[in-house]
Structure formats: C-alpha cells, structure tokens
Amino acid sequence: MALLYKSDPSRGPTWKALFAEHAPDIEIRLWPDVGDPTEIRYLAAWLPPENLAEFSNLEVIYALSAGVDQFDLSQLPDHVPVVRVLDPGIAQGIVEYASLTVLSLHRQVPLYLRQQHQHEWTAHALTPASERRIGVMGLGNLGTAVLRHLGAYGFKRLGWARSAHHIEGVDCYAGKAQLPAFLSQCDILLCLLPLTDETRGILNADLFAALPSGASVINLGRGAQLVDADLLTALDSGHLDQAVIDVLEQEPPSEEHPFWDHPKIWLTPHIGAMTFPQSAFGALLDNIRRHQRGEAMTGVIERLRGY
Ligand code: GLV
C-alpha cells in the first residue's frame, strides 16, 4: 500500500516521518522517486503527475491545497475521487490573515501609515465595530471559520455563497439573485470563493459598483476572480477606499504590475495560509482510514461543481 507525495519537496521528509510513526502500514514515496506506479494507491499532491494513466491502481487523489482549481478535473479518471485535505492549519492561517486585514482596515491602518510617512498627526473618528459590516463571499470551511472568529469583535457579519447556508449570528445570502442585496451592505468585502467558471472575474466593475461608497475589498480567493483594471478604476475614482490582495492571476506579478506601487493596494505574496504537515496529517490519515473502511470521506470534490 503506497502513497505518492508530490508537492513542496522541503516538506516531503516531514510527511514521510509522520506516516512512519503513526501509519507504518502505508509506504510513502516522495516524487520523483515513484518506483512502480502500479503500486501507488494514494496520491497526495499539489498537481498530479502528467503520466497519471500509468498509475493504474490509484484509488484516491488528495489535494494538498485549499483550492483545487489547478487540477484539470476533466482529465482525471472518473472512478478516482479528488479530495481536499481540510487542514486545520490552513483554516487557522486564513483566520489570522483575515483578522489582521479586517482589523487593519477597520482601524484605518493603511491611512495612518501613509500619514506617518508624511509626518501628519491627524486622528480620524473611530467607527465602532458594531457599525462596521463585514461580508464574506464563499462559505466553505474557510469562510465560515473567518465569520465565526470575527464575531468576537462585534462586527455586523454577512455571508454570501452559491447555495444557502446558516451560520449563527451571520446574515447569509445565496445565489446571484441575492448578491446585490448582500453587496450593498458590505463595508469590508472578503473573497474566499473557490475558482470556478462561475467565479472567474466575479470581482469586477459591476460588483464594485454594488458596494457602498468607501468600501474596501480583500481578495484571499484566487487572482483570476479579480478584474485588475476594474479594481484600479474603482480605487482611483474614490468609490473604493482600499484593497488587500494576496493572490494574483500571474504569481509573481511582472515588475510593471500596477498593484506594486498603488497607494491604496496592500499586496502580499500568496501567504494567507499554507498546508502544514503537522496539522494536515491527521485529516489526511483520517480520510485514508475512512476510505479503507469503505466510509464516506470529508472534503470530496464534486467534479461538475468544480469544488
Ligand atoms: C492556497 O492558496 C491553497 O489553495 O492552499
């Protein structure tokens, strides 16, 4: 019974050691040392190998990322489920990044940094958290964790997703028809949507126009969800106040990319969260054991839906 690990090589030995200690019945092979591909039952990968057809006894592909848009799901064998490893470490990282940036926007940190740069000592009125409305697009395990956590600060919280959700203390909206009503109430909008054909380019001029004047946007989803030029127009016109961007369509961006130097854009290099073997291992092993017992796994991707 062998599992092939094909992701960041520096984390490979840690994965191998965790399996050796806690699940010695599963042999770990680190890409590119595949050995006989027909012996591989499980693949834990950021991207599957190109010669996947040679892995004729593959039973499950475990995606070691929060998003699976980098997989061409149509090219993967139908009988092999693709399963997200719901790493609590990723959720923790996203909660930290979201809290840091939401609080920074709420307390106008970018403005005060600009003022300090100009030796300007001006205090602006504080808005109480109870009057600040935070909207999260995408209500999977990450969006839900962020909204739950932000409740501790007393923000007014809203959520939007493709389908209906119920999260205590959060006004949830669903589907395209309810998107404008949701957007019209978001002072800070945070995107945690999966990238699909439906969400590609969703952060565009129409969406920005539906936000209240002075709103800010945080993109923690995928770069291809944002129409860069529309964001620049909305910021430069003054309709949007600030943007925090952790993901770009092309990473790293070119030296000429306008986001590098834009005064109202806070750019970070896709650091929202990372899969830690130490925290992801338990979720991965639990899913492998479920599969071995013939039980339903958690985090299974629906091929047609794309997430
Ligand atoms: C990072 O963006 C991930 O999908 O894990």
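The structure presented is a predicted model; accordingly, all values stated were derived computationally and were not measured. (Residues numbered from 1 in each chain as written. Predicted model: local features only at pLDDT ≥ 70, side-chain atom pairs only at ≥ 80, totals over all residues. Heavy atoms only, no water.)

A. Inspection of the overall build of the protein chain at higher detail. The helix and strand tally for the protein chain stands at eight helices and 12 strands. Scaling as 2.2 N^0.38, a compact globule of 307 residues should have a C-alpha radius of gyration of about 19 Å, and the protein chain matches this with 21 Å. Seen through its C-alpha atoms, the protein chain measures out along the principal axes to roughly 65 × 40 × 35 Å. Counting the 307 residues in the protein chain, one finds 48% classified as buried. Contacts spanning at least 24 positions in sequence make up 62% of the contacts within the protein chain whose residues lie at least 6 apart. Carbon and sulfur atoms make up 54% of the accessible area of the protein chain, which amounts to about 15100 Å² in all. (Helix = DSSP H or I, 4+ residues; strand = E, 2+ residues; numbered from the N terminus. Rg over C-alpha atoms; globule rule 2.2 N^0.38 Å. Buried < 20%, exposed > 50% of the residue type's maximum accessible area, 1.4 Å probe, protein only. Contact = heavy atoms within 4.5 Å. Areas by Shrake-Rupley, 256 points an atom, 1.4 Å probe, with all protein chains shown as cover.)

B. Helix 4 (residues 141–150), seen in detail. Within helix 4 the residues assigned to the buried category are Leu 142, Gly 143, Thr 144, Val 146, Leu 147 and Leu 150. Packing partners of the buried residues in helix 4 comprise helix 2 (88–106), strand 6 (133–137), strand 7 (156–161) and strand 8 (170–174).

C. Examining the domain arrangement of the protein chain more closely. Its domain assignment divides the protein chain into domain 1 (2–87 + 275–292) and domain 2 (90–267). Each of domain 1 and domain 2 has a C-alpha centre, and these two points are 33 Å apart. On the domain 1 side of the interface with domain 2, the three residues burying the most area are Ala 66, Asp 69 and Asp 87, jointly 60% of the side's total. At the junction of domain 1 and domain 2, the tally comes to one salt bridge. Between Asp 69 and Arg 222 there is a salt bridge; the shortest N-O distance is 2.8 Å. Where domain 1 packs against domain 2, one counts four residue pairs in polar contact (both at pLDDT 80 or more). (Domains from an automatic or database assignment. Buried area = accessible area lost by both parts, 1.4 Å probe. Salt bridge = Lys/Arg side-chain N within 4 Å of Asp/Glu carboxyl O. Polar contact = N/O pair within 3.5 Å; in protein donor to acceptor, adjacent residues only side chain to side chain.)

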